[in-house]
Amino acid sequence: MRRMIYLAVFILLIQAVHAINSSDEDTVTFKDFTLNIGDRIDIGDYQAELIEIQSVKDGLAVMQVSKVGSPLEDQRAFLLDSANNIDGGAEDGGITITVTDIFDDQSVKVRVEYKEDLGTARKHTSERPRVIADRPNLVVGKSFDKNQMSVGDEVKVTVTVKNIGTGQALNIGTEDLPPLPEFSYIAGYPPKIKDTLDPGGADSAVYVMSAVKEGSIRVPAIQVSYTDSKKNAKSNSSEPFNILINPESKPDLVIKLDPSGPIAAGGKGMLNVSLSNTGKASATRVKIEAQIKPPDGLEAIGLEKSLFEIPPEQEVNYSAELLGKKAGNYTVSLKASFQGGDAAMIQEGKVEVVVQEQEYKYLYLLPILPIIVIIAWMYRRYREYKY
Amino acid sequence: MLNVLMLGVGQCGNRILDAINKEALGGGGASSLTKYCLRPKFPSRVETLAVNTAINDLKELRFTTAKDRLHVPNLHGVGANRNVGKQAFMDNRDMIMGEIEKRGDFDLAFVITSTSGGTGSSFSPLLINELKRQYRNITVITIAVLPFREEGSIYLQNAAFSMRELMDVEAEGIILADNQYLKRFSGDIASAYDKINSMIAQRLLFLIESLDSEMLSVTDLGDFKTVMNGGLRIGTMGFYQADRKNPSVRDAIENSLKPVNLLYPANVTDDSARAMIIIQGSREYLDVDEITKEVERLSASAGHVFKGIVVKKGHPKVLSVFTMASAPELEAIYAQAARAMQDEKEKRLRARKQMDDAFAHIEDLEEIY
């Protein structure tokens with residue numbers, strides 16, 4: 001009896017294993033392939049060859065599917081991410097093909113689903129030379145010549161279009177956004193790009209704007225549209241970017257007057273003048289006028305000047321000669337009038353100059369020398385009379 | 001320009017020379033400090049030399065430079081002994097004359113001395129002889145000062161013998177100053193000496209200046225020499241300076257001849273042999289007619305009178321120099337000196353006799369020990 005039980009269990013086990021093996025043969029599996037035009041996938045008797053990429057944009061690829069020993073030979077367009085069942089699909093013993101990605105007009109990624117009993121899907125690479133497709137690819141860029149500017153500054157905007165594709169780009173057109181409220185367009189707008197660009201060709205256009213309002217601005221992208229030789233319409237855009245418009249820049253002249261020290265009456269001294277532009281804009285047509293109070297007793301030579309320009313963050317230094325004529329305290333005032341943008345500006349500086357009474361070197365000897373002479377004379381006379 | 005040598009011999013001569021140097025420094029106001037600041041201003045080239053055997057006398061001088069003080073080494077003076085003095089001079093003659101020779105050549109020399117002292121009275125006659133021997137054309141005038149009569153018998157004796165020797169030498173003349181006569185100007189002796197010295201100094205410098213000036217009416221060294229050779233070859237000087245109250249030149253001349261303004265008591269009208277009147281002053285005061293009349297009046301009584309007029313700003317100043325035909329005061333001095341010498345001699349004899357009488361007590365006795 002026990003033997004019968006063991007035999008029955010053994011038989012049940014064998015049946016179970018057989019049942020398991022039978023279910024494995026019906027399992028659907030899949031495999032992804034990257035195909036170039038001409039490449040083929042073989043699975044069982046099925047063959048699927050990538051014929052062309054009809055539209056990258058629309059996600060259409062054309063593949064030819066056939067079955068050896070069968071009249072099946074079908075060339076159809078595959079829509080991206082849309083499963084296409086051949087012979088009822090993988091569930092029914094056929095195959096299911098899905099274009100999962102279209103890389104470009106030459107290559108796609110394809111997923112093939114099939115039952116395992118069909119064998120292993122293999123890729124057969126085409127030995128035909130690859131035909132370079134006629135595919136233009138325009139890259140567009142927009143740039144400002146400076147990221148930061150001030151109100152009133154002019155900025156050059158450069159639009160560059162370059163064909164990095166393999167085909168001629170036709171009917172090129174750019175679409176830049178209308179003038180921003182932060183800028184006023186001065187010249188060159190809208191940018192004009194050639195209608196056609198050969199592969200490797202590039203074109204650029206420049207237009208000039210003037211910043212009119214301060215703030216942080218996000219400059220929108222520029223879009224370029226074109227068609228290829230097959231009149232497929234294509235387009236591309238630049239990346240938007242940020243710029244900063246600072247408040248209007250002005251020159252700011254700082255006048256420093258540094259006299260060499262007190263001047264002796266009848267003597268000379270120096271007055272060092274430093275004009276530094278601490279503003280953000282150039283000071284132009286700088287005219288320096290001097291005034292000395294009281295006017296008599298001190299004369300300045302070379303104090304008044306005219307300068308064409310003092311650029312920002314730069315300074316101009318020069319020295320004037322002072323002639324002290326009469327002792328006293330004098331105020332030397334310097335007035336610098338200049339143009340800062342459209343406005344006329346004035347900056348003033350002043351310094352005290354002291355003219356001292358004429359100092360005679362070794363003056364102290366004057367009273368001493370006669371005393372010494374007198375003492376020497378008297379001593380000599382004393383010696384003459386000493387007996 | 002006259003080259004003048006002024007020799008002050010002996011204490012008196014030294015002090016008068018010092019007064020001359022002081023006068024050259026500005027006169028009465030000159031102080032010790034002044035001499036260190038100023039140079040003596042003489043009217044001509046004047047060299048001064050103070051000669052003395054007593055170094056202390058030389059040290060007392062205040063306005064004479066050290067190089068113009070010559071010490072003749074003879075201990076500390078000659079003690080009023082003219083014989084010692086003469087020997088000292090002879091012993092140091094070359095040195096003395098060498099010092100004078102260093103000062104160059106001279107036209108006129110004044111030997112200023114006291115007649116009564118030791119060094120001056122003994123040196124001066126010998127010195128004058130040496131000067132006349134060494135400088136052929138020199139005119140030597142002795143300024144001889146007579147002593148106070150009460151100074152003592154030795155001084156009177158020295159004065160008497162010294163005057164005689166001075167008369168014997170070849171000097172052109174002697175100008176006398178009498179301390180006894182002049183002491184009336186001051187109460188004490190020291191002040192009297194200073195006053196007398198100053199008066200003599202002032203007159204001598206005025207004389208030198210005048211002789212060396214361009215005159216309106218000329219008198220020169222030759223005239224002066226002629227005057228000094230007149231009479232006894234002994235003379236004296238008078239001086240007067242007019243003032244604003246009475247600037248009359250005529251009165252000034254008269255006053256200069258009055259005894260009160262003379263260095264020696266004399267009566268010009270009666271005693272003078274020759275005279276020289278030198279008048280200095282601003283032109284407005286110098287009325288030539290008046291001067292001439294006054295000089296003529298003087299000539300009528302005093303013999304020949306030379307007159308010199310120097311135009312110089314100021315009230316009239318008059319210097320009168322005259323030699324005397326007689327000197328009665330000198331005779332009086334000699335008489336006094338003789339008496340003094342006789343008294344001295346008698347005193348000495350009496351003392352000798354007294355000592356001899358004293359010694360007689362121990363005659364024929366021996367010392368016993």
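Here the structure is a predicted model, which means the values were calculated and not measured.

## Re the overall build of chain B
Helix and strand content of chain B: 13 helices and 10 strands. A burial count over chain B gives 52% of its 369 residues as buried. The contacts of chain B with a sequence gap of at least 6 include a subset with a gap of at least 24, amounting to 82%. Counting only carbon and sulfur atoms, one obtains 49% of the accessible surface of chain B, whose full area is about 16700 Å².

## A word on the overall build of chain A
When its secondary structure is counted, chain A shows two helices and 28 strands. Taking all 387 residues of chain A together, the buried fraction comes to 33%. As displayed, chain A has an accessible area near 22800 Å², and 52% of this comes from carbon and sulfur atoms.

## Topic: the packing of helix 10 (residues 249-257) of chain B against helix 12 (residues 288-302) of chain B
Residue and element names in this part refer to chain B. The geometry of helix 10 relative to helix 12 is characterised by a closest axis approach of 8 Å and an angle of 30° between their N-to-C directions. Considering their axes alone, helix 10 and helix 12 lie roughly parallel with respect to each other. With respect to the hand of their crossing, helix 10 and helix 12 are arranged in right-handed fashion. Across from Val 249, Arg 250, Ile 253, Glu 254 and Leu 257 in helix 10, the residues of helix 12 making contact are Glu 290, Ile 291, Glu 294, Arg 297 and Leu 298. Across the contact of helix 10 with helix 12, the residue classes break down as five nonpolar, no polar and five charged.

## A word on the interface of chain B and chain A
Across the boundary between the two partners, chain B contributes 19 residues, which contact 10 residues of chain A. Approximately 1200 Å² of surface area, both sides summed, lies buried where chain B meets chain A, with 57% of it carried by carbon and sulfur atoms. When the area that chain B buries against chain A is broken down by residue, the three leading residues are Tyr 36, Arg 39 and Ala 66 of chain B, summing to 48%. Here chain B is connected to chain A by one salt bridge. Ionic pairing is found between Arg 39 of chain B and Glu 384 of chain A, a salt bridge with its closest N-O pair at 3.1 Å. Linking chain B with chain A are three residue pairs in polar contact (both at pLDDT 80 or more).

## Quick word on unusual backbone geometry
For the bond from Tyr 189 of chain A to Pro 190 of chain A, the omega torsion is -5°, close enough to zero to count as cis. By secondary structure assignment, the location of Pro 190 of chain A is in the loop between strand 14 (183-187) and strand 15 (202-211). Following Lys 293 of chain A, the chain continues into Pro 294 of chain A via a peptide bond in cis, with omega recorded as -10°. You will see that Ala 80 of chain B, though not glycine, has its phi angle at about 60°, which is positive. We note that Asp 364 of chain B has phi near 70°; this positive angle belongs to a residue other than glycine. Mapped onto the secondary structure, Asp 364 of chain B falls in the segment after helix 13 (328-360).

## What about the pattern of salt bridges?
When charged atoms on two side chains of opposite charge get close, those side chains can pair. Under the definition given, this model contains 32 salt bridges over all chains. In this structure, the salt-bridge partner of Glu 321 of chain A is Lys 268 of chain A, at a minimum N-O distance of 3.9 Å. Of this pair, Glu 321 of chain A sits in strand 26 (residues 315-324) while Lys 268 of chain A sits in strand 22 (residues 268-277), and the two are 53 residues apart along the sequence. Given the relative accessible area of 61%, Lys 268 of chain A is considered exposed. With a shortest N-O distance of 2.7 Å, Arg 15 of chain B and Glu 60 of chain B are connected by a salt bridge.

## What about the packing of aromatic side chains?
All names here are of chain A. Enumeration according to the criterion identifies 10 aromatic pairs over all chains in this entry. Seen from their ring centres, Tyr 185 and Tyr 189 are 4.5 Å apart, and the 40° between their planes marks the pair as tilted. Taking relative accessible area as the criterion, Tyr 185 reaches 22% and is therefore assigned partly exposed. Every member of this aromatic cluster is reached through a ring pair, and the members are Phe 144, Phe 183 and Phe 241. Its guanidinium or amino end placed over the ring of Tyr 318, Lys 305 lies 5.0 Å from that ring's centre, counting from NZ or CZ.

## Concerning helix 2 (residues 365-385) of chain A
Residues and elements named next belong to chain A. Here helix 2 spans 29 Å end to end across 21 residues, near enough to the 30 Å set by a 1.5 Å rise per residue. Considered for burial, the residues of helix 2 that qualify are Arg 381, Glu 384 and Tyr 385. Looking straight down helix 2, one finds that the buried residues subtend no more than 90° of arc, so they occupy a single side. Set apart from the buried face of helix 2 by more than 90 degrees, the exposed residues are Ile 375 and Arg 383.

## Things to note about helix 10 of chain B
Residue and element names in this part refer to chain B. Here helix 10 has its buried residues at Val 249, Ala 252, Ile 253, Asn 255, Ser 256 and Leu 257. In this structure, the buried residues of helix 10 make contact with strand 7 (234-241), helix 11 (268-271), strand 8 (272-281), helix 12 and strand 10 (317-324). Regarding helix 10, its N-cap is Ser 248, as a side-chain oxygen of that residue lies 3.3 Å from the backbone nitrogen of Arg 250 further along.

## Some details on the confidence of the model for chain A
Taken as a whole, chain A shows an average pLDDT of 87; of its residues, 95% reach a score of 70 or greater. Note that residues 19-24 of chain A has pLDDT below 50 and, in this model, one contact with residues that lie over four places away or in other chains.

## Section: a nonpolar patch on the surface
Residues and elements named next belong to chain A. Taken together, the side chains of Met 4, Leu 7, Phe 10, Ile 11 and Ile 14 define a hydrophobic patch exposed on the protein surface, amounting to about 500 Å² of accessible area. Mapped onto the elements, Met 4 comes out in helix 1 (residues 2-24). Judged by its relative accessible area of 55%, Met 4 is exposed.

## Regarding the sheet that holds strand 6 (residues 173-178) of chain B
Residue and element names in this part refer to chain B. Here we have 10 strands laid out as an open sheet, ordered 3-2-1-4-5-6-7-10-8-9, and mixed in their pairing. Every other strand in the sheet has two partners, leaving strand 3 (69-71) and strand 9 (304-311) as the edge strands with one partner each. Neighbouring strand axes in the sheet, compared pairwise and without regard to direction, differ in orientation by 20° on average. Across three bridges, the pairing between strand 2 (residues 45-52) and strand 3 is parallel. The partner of Val 51 across the bridge, within strand 3, is Leu 70. Sheet contacts for helix 12: strand 8 and strand 9; angle to strand 9, the most-contacted strand, approximately 155°.

## Brief notes about the sheet that holds strand 8 (residues 107-115) of chain A
Strand pairing within a sheet occurs via backbone hydrogen bonds; the two strands may be parallel or antiparallel. Residues and elements named next belong to chain A. With antiparallel pairing, four strands are arranged side by side in an open sheet as 1-8-7-6. Because the sheet does not close on itself, it has two edges, and the strands there are strand 1 (28-36) and strand 6 (83-86). Direction aside, the axes of adjacent strands within the sheet are offset by 25° on average. Bridge analysis of strand 6 against strand 7 (residues 95-102) gives four bridges, and the strand direction is antiparallel. What sits directly across from Ala 83, in strand 7, is Thr 98.

## Remarks on the packing of helix 5 (residues 119-134) of chain B against helix 6 (residues 153-168) of chain B
Residue and element names in this part refer to chain B. Contact geometry of helix 5 with helix 6 gives a least axis separation of 9 Å together with a crossing angle of 5°. Relative to helix 6, the element helix 5 lies roughly parallel. On the side of helix 5, the interface is formed by Ser 121, Ser 124, Pro 125 and Ile 128, while helix 6 contributes Asn 158, Ser 162, Glu 165 and Leu 166. Looking at side-chain class alone, the contact of helix 5 with helix 6 contains three nonpolar, four polar and one charged residues.

Conventions adopted
- Residues numbered from 1 in each chain as written.
- Chains lettered and ligands numbered in written order.
- Predicted model: local features only at pLDDT ≥ 70, side-chain atom pairs only at ≥ 80, totals over all residues.
- Heavy atoms only, no water.
- Helix = DSSP H or I, 4+ residues; strand = E, 2+ residues; numbered from the N terminus.
- Buried < 20%, exposed > 50% of the residue type's maximum accessible area, 1.4 Å probe, protein only.
- Contact = heavy atoms within 4.5 Å.
- Areas by Shrake-Rupley, 256 points an atom, 1.4 Å probe, with all protein chains shown as cover.
- Axes fitted to C-alpha atoms, helices over the stretch in contact; angles between N-to-C directions.
- Parallel < 35°, antiparallel > 145°, perpendicular 65-115°, else oblique.
- Left-handed = near helix turned anticlockwise from the far one by under 90°.
- Nonpolar A, V, L, I, M, F, W, Y, C, P; charged D, E, K, R; others polar.
- Buried area = accessible area lost by both parts, 1.4 Å probe.
- Salt bridge = Lys/Arg side-chain N within 4 Å of Asp/Glu carboxyl O.
- Polar contact = N/O pair within 3.5 Å; in protein donor to acceptor, adjacent residues only side chain to side chain.
- Phe/Tyr/Trp six-rings, centres within 6.5 Å; stacked < 30°, edge-to-face > 60°.
- Lys NZ or Arg CZ within 6 Å of the ring centre and 35° of its normal.
- Expected span 1.5 Å × (residues − 1).
- Arc of directions from axis to C-beta.
- pLDDT = per-residue confidence, 0-100.
- Patch = residues over 30% accessible without salt bridge, like charges linked within 9 Å, V, L, I, M, F, W, Y side chains within 5 Å.
- Pairing = 2+ DSSP bridges.

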